Amino acid sequence: MKDTVRGWVRDCRSLCVLSGAGVSAESGVPTFRGPQGLWKQQDPMSLATPAAFEADPREVGDWYQWRRQRIRDCAPNPGHAALAAVEAAKPDFLLVTQNVDGLHRVAGSRRVAEIHGNIWVVRCTGCGAERVERDDFAKLPPRCAACGGLLRPGVVWFGEELPPGPSGAAMEMLSRCEVLIVAGTSAVVTPASGYAAVAKRRGARVIEVNPDETPVSAICDATFRGKSGEVLPALLK
Ligand code: APR
């Protein structure tokens, strides 16, 4: 089976990959669900929604500062590297990621659609100014130097729309890819949880890479029950 599936990936012209937190797990970045997941310790509705930020920007600011500190020194793993390498071999490729840690770009991926934004970007809720900020904020919650507005992380919170550029690119690629690899996602958060079905309906071959079963496992043409840092290098070489 593995050789057949590797043939699908090798021979396809248009390859799409959807990645989730599991792809960064071997880099030391906490996932959200599962035994050690972030949502096991905290309530996402009290930290990752516009209402939570409105109610307590300090609490939300503290949590994102902690997450940035937690992942700042994490490095890409062989799964990220394999995805960056296969991009160069494909005329038509897009890596759609739910991850906000930026590790795909650090690994060298360039055709990346960050549909949930990026934790290293901050946006002013007053004037809308946006910038990359990798250092800790001296004061929390951080404020805009230009207008004094509260700064929020450049990530998509529950209940918010996805950024139109990355989201549009993802849907466009799903409408034509021959193969979709779904790696490291629990496939429970929309709209990304529906992407496998979109590709499958169109006749794409869907491959899952995840140690655990997910709601999309049943519609996949092939599943690899393993860690992406081990499976992706073997599947993509
Ligand atoms: N390799 C591959 N998959 C792994 C690994 C690994 N080494 N370790 C864990 N996994 C799998 C888990 O089995 C799980 O299915 O990765 C998945 C991680 O699921 P989540 O923590 O729910 O992460 P994700 O699917 O990316 O969450 C989607 O939810 O909270 C929101 O915005 C947040 O983008 C996030 C979205």
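Summarised in this report is the structure supplied together with it. Numbering of residues begins from 1 in every chain and follows the order in which that chain's sequence is written. Note on the predicted model: pLDDT of at least 70 is required for a residue's local features to be given, and 80 or more for side-chain atom pairs to be given and counted; whole-chain, interface and lining totals, by contrast, use all residues. Values reported for side chains reflect all heavy atoms of the structure, with hydrogen atoms and water molecules removed beforehand.

## Quick word on the site of the ligand
Among the 21 residues in the neighbourhood of the ligand, the closest are listed as A21, F32, R33, T185 and S186. N or O atoms within 3.5 Å of each other form a polar contact, as long as, within protein, one can give a hydrogen and the other can take it, and as long as residues adjacent in sequence are counted only when both atoms are side-chain atoms. E26 has a polar side-chain atom sitting 2.9 Å from a nitrogen atom of the ligand. A distance of 2.7 Å separates an oxygen atom of the ligand from a polar atom in the backbone of F32. Burial of the ligand by the protein amounts to 90% of the accessible area it has alone, namely 740 Å². In this classification, the charged set is Asp, Glu, Lys and Arg, the nonpolar set is Ala, Val, Leu, Ile, Met, Phe, Trp, Tyr, Cys and Pro, and all remaining amino acids, among them Gly, are polar. When its residues are assigned to classes, the shell around the ligand shows seven nonpolar, 10 polar and four charged. What fixes the domain bounds is an automatic or database domain assignment. A domain-level breakdown of the shell around the ligand finds at least three residues from each of domain 1 (2-29 + 76-116 + 162-236) and domain 2 (30-73 + 119-155). If even one non-hydrogen atom of a residue comes within 4 Å of a molecule or strand, that residue is called near it. Here the Shrake-Rupley method, with its probe set to 1.4 Å, supplies the accessible areas, and only the displayed protein chains count as covering residues.

## Remarks on the packing of aromatic side chains
Any Phe, Tyr or Trp ring, taking Trp's six-membered ring, that has another such ring centre within 6.5 Å forms a pair; planes under 30 degrees apart are called stacked, those over 60 apart edge-to-face, and the others tilted. Scanning the entire structure with this criterion turns up six aromatic pairs. On the basis of an interplanar angle of 40 degrees and a centroid distance of 5.4 Å, the ring pair of F53 and W157 is categorised as tilted. Here F53, found in helix α4 (residues 50-55), pairs with W157, found in the loop between β6 (151-155) and α8 (164-174); they are 104 residues apart in sequence, far enough to count as distant. Overall, F53 belongs to the buried group, its relative accessible area being 8%. Among the aromatic residues, ring-to-ring pairing joins F32, W39, F53, W63, Y64, W157 and F158 into one connected group. Note that R134 overlies the ring of W120, its terminal NZ or CZ placed 4.1 Å from the centroid. Sitting above the plane of the W157 ring, R152 keeps its charged end 3.8 Å from the centroid. A helix here means a DSSP run of H or I that spans at least four residues, while a strand means a run of E at least two residues long, and both kinds are numbered starting from the N terminus. Per-residue accessibility, obtained with a 1.4 Å probe over protein chains only, is compared with the maximum for each type, and a residue is labelled buried under 20%, exposed over 50%, and partly exposed between these values. Any Lys NZ or Arg CZ found within 6 Å of a ring centre and within 35 degrees of that ring's normal is scored as a charge over the ring.

## Digging into the sheet that holds β6
Two strands in a sheet stick together by hydrogen bonds in their backbones, pointing the same way (parallel) or opposite ways (antiparallel). Note: two strands are recorded as paired if DSSP finds a minimum of 2 bridges between them. The antiparallel open sheet is built from three strands, whose spatial order is β5-β4-β6. Each having just a single partner strand, β5 (130-132) and β6 make up the two edges of the open sheet. Each neighbouring strand pair of the sheet contributes to a mean axis angle of 40 degrees, computed without reference to strand direction. The pairing of strand β4 (residues 117-124) with β5 spans three bridges and is classified as antiparallel. Paired with R123 across the two strands is E130, which belongs to β5. The contact criterion used throughout is that any non-hydrogen atoms of two residues lie within 4.5 Å. The axes used here are C-alpha line fits, helices contributing only the stretch in contact, and every angle between their N-to-C directions lies in the interval 0 to 180 degrees. Most of the contacts of helix α5 (residues 57-71) go to β4, to which it runs at about 140 degrees, and overall it touches β4 and β6.

## With respect to unusual backbone geometry
Cis peptide bonds are those with omega within 30 degrees of zero, and the linkage from L140 to P141 qualifies with -5 degrees. Along the polypeptide, P141 turns up in the loop between β5 and β6. Following T190, the chain continues into P191 via a peptide bond in cis, with omega recorded as -5 degrees. Among the structural elements, P191 can be located in the loop between β7 (179-183) and α9 (195-201). At A187, a position not held by glycine, the phi torsion is positive, near 55 degrees. Note on placement: A187 falls in the loop between β7 and α9.

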